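Coordinate inspection notes
In case you want the letters, here they are:
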Amino acid sequence: MGPNQSPHASIKVHRSRTGLTAAVTEVEGTARIDLHVTGPAENPLFDGGLGVENGAFTVPFLGRRFSGLTSTFRFDPGRMHVDALRVLDDDGDPLEVTGEVGLRRLALGEIALKARGRAFGIVRNALGTVDLDFDLEATGPVTRPRVAGLTSVRTGRIEVDQ
């Protein structure tokens, strides 16, 4: 396709089960994708949405299994809206994210995201256990965001002799 040609593609997927990498394994859930792509190849514009239901995955290095993943993303030309992203740690404690991400060409632009978690488990492996409380906002360019808010360790144990 030449640089002045406009791609037109629509993608619709209703079920998906896949693995990502060795760092993220045992991936499952249902993906809903209804995305329309237009514009020149070097600056595509996305319209539509995507979401995940009943998602779950394991991060072996952290020793954690995350489940209950639900998400809803909407695309407008030049912007991705994170209407809802929610995932549970293996104790059932939620992490919730909302906000939006600017899209420039094939890269991410300005972000405005909020993340909140209570007793959310980050690490549970031979090196220790860490559960966090946090209420954070990230704004600005994705390459150097400004992160503000509060984070505290709810429970923590680090094995320094391991």
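This one's a predicted model, so the numbers in the text were calculated from it and none came from an experiment.

Turning our eyes to something else, we now look at the pairing of strand 8 (residues 128–141). Of the pairings in the sheet, the one linking strand 7 (residues 107–125) to strand 8 comprises 13 bridges and is antiparallel in character. Each residue of the ladder has a partner; that of Ile111, found in strand 8, is Gly140. Here strand 7 folds back onto strand 8, and the loop between the two strands holds two residues. Inspection of the sheet shows strand 8 paired to strand 9 (residues 146–158) by twelve bridges, in the antiparallel sense.

Each aromatic ring pair is specified by the distance between its two centres and by the angle formed by the two planes. The final tally for this structure, using the stated rule, is four aromatic pairs. Where Phe46 meets Phe75, the ring centres are 6.1 Å apart and the plane angle is 50 degrees; that geometry is what we call tilted. Residue Phe46 is found in strand 3 (residues 45–59), and its partner Phe75 is found in strand 4 (residues 64–76); the two are separated by 29 residues along the sequence. For the ring pair Phe120 and Phe134, a centre distance of 6.4 Å and an interplane angle of 85 degrees mean the geometry is edge-to-face. With Phe120 in strand 7 and Phe134 in strand 8, this pair connects stretches of sequence that are 14 residues apart. You'll find Phe120 and Phe134 in the same group, each marked buried. Among the aromatic side chains, those forming a connected cluster through ring pairs are Phe57, Phe66, Phe120 and Phe134.

The next thing to look at is the layout of surface pockets. Empty space left among the atoms is revealed by rolling a probe the size of a water molecule over them. Considering only enclosed or pocket space, the second largest pocket measures out at about 150 Å³ in volume. Ala84, Leu85, Arg86, Glu96, Val97, Thr98, Lys114, Ala115, Arg116, Asp135, Leu136 and Glu137 are the residues that line the second largest pocket. For the lining of the second largest pocket, the elements supplying multiple residues, two or more each, are strand 5 (79–88), strand 6 (94–104), strand 7 and strand 8. Among the residues making up the lining of the second largest pocket, the classes are represented as five nonpolar, one polar and six charged.

What follows concerns the environment of Phe120. Phe120 sits in the buried class, given a relative accessible area of 4%. Every residue in contact with Phe120, bar those within four places of it in the chain, is listed here: Arg64, Phe66, Val87, Leu88, Asp89, Asp93, Pro94, Leu95, Val130, Asp131, Leu132 and Phe134.

Opposite charge on two side chains lets them pair, provided their charged atoms get close. Under the criterion given, the structure shown has 13 salt bridges. The partner of Arg32 in a salt bridge is Glu53, and the shortest N-O contact between them spans 2.8 Å. Within this pair, whereas Arg32 is found in strand 2 (residues 25–38), its partner Glu53 is found in strand 3, the two being separated by 21 residues in sequence. You can call Glu53 partly exposed: its relative accessible area is 34%. Here Arg154 ties to Asp133 by a salt bridge, and the two come within 3.0 Å at their closest N and O atoms. Placement of the pair is Arg154 in strand 9 and Asp133 in strand 8, with a sequence separation of 21 residues. Note on Asp133: relative accessible area 15%, which makes it buried. A cluster of three or more residues bridged by salt bridges with shared partners is formed by Arg64, Asp89, Asp90, Asp91, Arg124 and Asp131.

What counts as what
Residues numbered from 1 in each chain as written. Predicted model: local features only at pLDDT ≥ 70, side-chain atom pairs only at ≥ 80, totals over all residues. Heavy atoms only, no water. Pairing = 2+ DSSP bridges. Helix = DSSP H or I, 4+ residues; strand = E, 2+ residues; numbered from the N terminus. Phe/Tyr/Trp six-rings, centres within 6.5 Å; stacked < 30°, edge-to-face > 60°. Buried < 20%, exposed > 50% of the residue type's maximum accessible area, 1.4 Å probe, protein only. 1 Å grid on protein atoms, 1.4 Å probe; cavity = no way out; pocket = protein on both sides within 12 Å on 5 of 7 lines; lining within 4 Å. Points joined across faces, edges and corners; volume = space filled by probe spheres on them. Nonpolar A, V, L, I, M, F, W, Y, C, P; charged D, E, K, R; others polar. Contact = heavy atoms within 4.5 Å. Salt bridge = Lys/Arg side-chain N within 4 Å of Asp/Glu carboxyl O.

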